[in-house]
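What the coordinates show
This is what each chain is made of:
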Amino acid sequence: MPAIGDQLRTAREAKGLTLAQVETDTRIRGAFLAALEGEDFAALPGEVYARAFLRNYANYLELDGKAMAQRLRQLQADPVGPELPGRHQRRAPWPAAVTIGLLLAVLAIGVYAVRSFERGPEPPPVLPPIGAVPPVTPSPPDVPPASPPPNLRFTRTEHDARSEIIYTVEATELRIQVDLTERCWVEVSVDGQPVLAATLQPGYRQAFTGQRSVVLRLGNLGGAVLRLNDTTLGRAGDTGAVRTIIFRLP
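Described in the following lines is the structure provided in the data block.

The rules behind these values
- Residue numbers restart at each chain and count upward from 1, following the sequence in its written direction.
- Only residues with pLDDT of at least 70 are given local features in this predicted model, and only at 80 or more are side-chain atom pairs given and counted; all residues enter the totals for whole chains, interfaces and linings.
- Derived side-chain values reflect all non-hydrogen atoms in the structure, with water molecules and hydrogen atoms excluded from consideration.
- A pair of strands is treated as paired once DSSP finds two or more bridges between them.
- The helix count covers DSSP runs of H or I at least four residues long, the strand count covers runs of E at least two residues long, and both are numbered beginning at the N terminus.
- Note on geometry: axes are C-alpha line fits, over the in-contact stretch for helices, and angles between N-to-C directions span 0 to 180 degrees.
- A pair of aromatic rings is counted whenever rings of Phe, Tyr or Trp (Trp by its six-membered ring) have centres within 6.5 Å, and the orientation is called stacked for planes under 30 degrees apart, edge-to-face for over 60 and tilted otherwise.
- Whether a residue is buried, partly exposed or exposed follows from its accessible area with a 1.4 Å probe, protein chains only, as a fraction of its type maximum: under 20%, in between, or over 50%, in that order.
- Throughout, nonpolar core names a set of buried Ala, Val, Leu, Ile, Met, Phe, Trp, Tyr and Cys residues whose side chains join them through atoms within 4.5 Å.
- Two residues form a contact once any of their heavy atoms are found within 4.5 Å.
- Between Lys or Arg on one side and Asp or Glu on the other, a salt bridge is scored when a side-chain nitrogen of the former is within 4 Å of a carboxyl oxygen of the latter.
- Working note: the arc is built from the helix axis to C-beta atom directions.

If you walk across this open sheet you meet the four strands as β6-β3-β8-β9, and the pairing is antiparallel. A strand with exactly one partner marks an edge of an open sheet, and here the two such strands are β6 (205-210) and β9 (231-235). Within the sheet, the average angular offset between the axes of one strand and its neighbour, ignoring direction, is 20 degrees. Two elements, strand β3 (residues 174-180) and strand β8 (residues 224-228), share five bridges in a ladder whose sense is antiparallel. Residue Ile176 lies in a different strand from β8, and its bridge partner there is Leu228.

If you want it as structure tokens, here you go:
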């Protein structure tokens, strides 16, 4: 069976496409597309992203994206199978090293148990203050599909590449979900009240609900995938770009 990367590259070249054209059409970064074709999966944000990017790229090339993503999942989950590119395998340790390691582990456990007994019970954990950054949900979404469903209507306005992006949404409320694929500064206001300002890591997911408006200021548009009332809008913009995005009701 041809390698995953070879299948992608062959299909793309057969269609006469460049990586730059595919990036524009799929909204998958060119570096990630090149990593898929080179099977350098360590260069991708994580195993979930690798499968999502692979499935969408393969479908775009009219290949069986679901089957290829499943094949990659099997390779990622097989600890004794062939080594994936970008995954390092450790040499089997010498028996003496194993013996010494086990002895050190037993000794460390014994020392920890004695010290814990002398210290007494641990104090209760300190709860985070109200308004702290919400917890990260490590399950990023797949790359965005399509256009909004018929029951969601909105207009998008921007005057130039540096101005605010304004979404005017015909709905009863606003629910904006932010999913990060890269490190990004995020500032959020809901109905005029600031609720978040922090630099967040890939894998962060949070939804913000407003009755009048939700305003986002993002320090890396390419690292944020947005959803509006359960409809995926896609990446907010280019990697490294800084913009303010306003969602409001009429």
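With that settled, the discussion passes to the packing of aromatic side chains. Overall, the coordinates contain four aromatic pairs when judged by the stated rule. Seen from their ring centres, Tyr167 and Phe247 are 4.8 Å apart, and the 10 degrees between their planes marks the pair as stacked. Taken together, the positions of Tyr167 in strand β2 (residues 165-170) and Phe247 in strand β10 (residues 243-248) put the pair 80 residues apart, joining distant regions of the chain. Its relative accessible area of 9% is what places Tyr167 among the buried residues.

Taken in spatial order, the six strands line up as β1-β2-β10-β7-β4-β5 in an open sheet, and their pairing is mixed. Both outer strands of the open sheet, β1 (153-157) and β5 (193-200), are each paired with one neighbouring strand and no more. Each adjacent strand pair in this sheet contributes to an overall mean axis angle of 15 degrees, direction not counted. Here β2 pairs with β10 via four bridges, running parallel. Counted as the bridge partner of Tyr167 is Phe247 from β10.

Core analysis: the largest hydrophobic core is formed by 29 residues, its most contacted members being Leu216, Leu218, Ile245 and Phe247. Residues in contact with Ile245, not counting those within four places in the same chain, are Ile165, Tyr167, Val214, Val215, Leu216, Leu218, Leu221, Leu226 and Ala236. Core analysis: the next-biggest nonpolar cluster, separate from the first, contains 21 residues, Ile28, Leu54, Leu61 and Leu72 among them.

For residues that are not glycine, phi is negative in most cases, and the peptide bond is trans in most cases. The backbone of Arg27 sits at a positive phi, close to 65 degrees, despite the residue not being glycine. Judged by its relative accessible area of 41%, Arg27 falls in the partly exposed class. At Asp191, a position not held by glycine, the phi torsion is positive, near 50 degrees. Of note, Asp191 is situated in the loop between β4 (184-190) and β5.

Considering all chains together, one arrives at nine salt bridges under this definition. In this structure, Glu37 and Arg12 form a salt bridge, with 2.6 Å as the shortest nitrogen-oxygen distance. Here Arg12 lies in helix α1 (residues 4-14) and Glu37 lies in helix α3 (residues 30-37), a separation of 25 residues in the sequence. Residue Glu37 is classed as buried on the basis of its relative accessible area of 6%. Relative accessible area serves as the criterion here: at 10%, Arg12 is assigned to the buried category. A salt bridge links Lys15 to Glu62, with the nearest nitrogen and oxygen atoms 3.2 Å apart. Highlighted residues: Lys15 in the loop between α1 and α2 (19-26) and Glu62 in the loop between α4 (47-60) and α5 (65-77), separated in sequence by 47 residues. For Lys15, a relative accessible area of 37% gives the class partly exposed.

Restricting attention to buried positions, one finds in α1 the residues Ile4, Gly5, Leu8, Ala11 and Arg12. In a view along the axis of α1, the buried residues occupy a sector of 140 degrees, so they form one face of it. Exposed and oriented more than 90 degrees from the buried face of α1 are Thr10, Glu13 and Ala14. Those residues of α1 that are buried are in contact with α2, α3, α4 and α5. One or two residues past the end of α1 sits Gly16, with phi positive at roughly 70 degrees.

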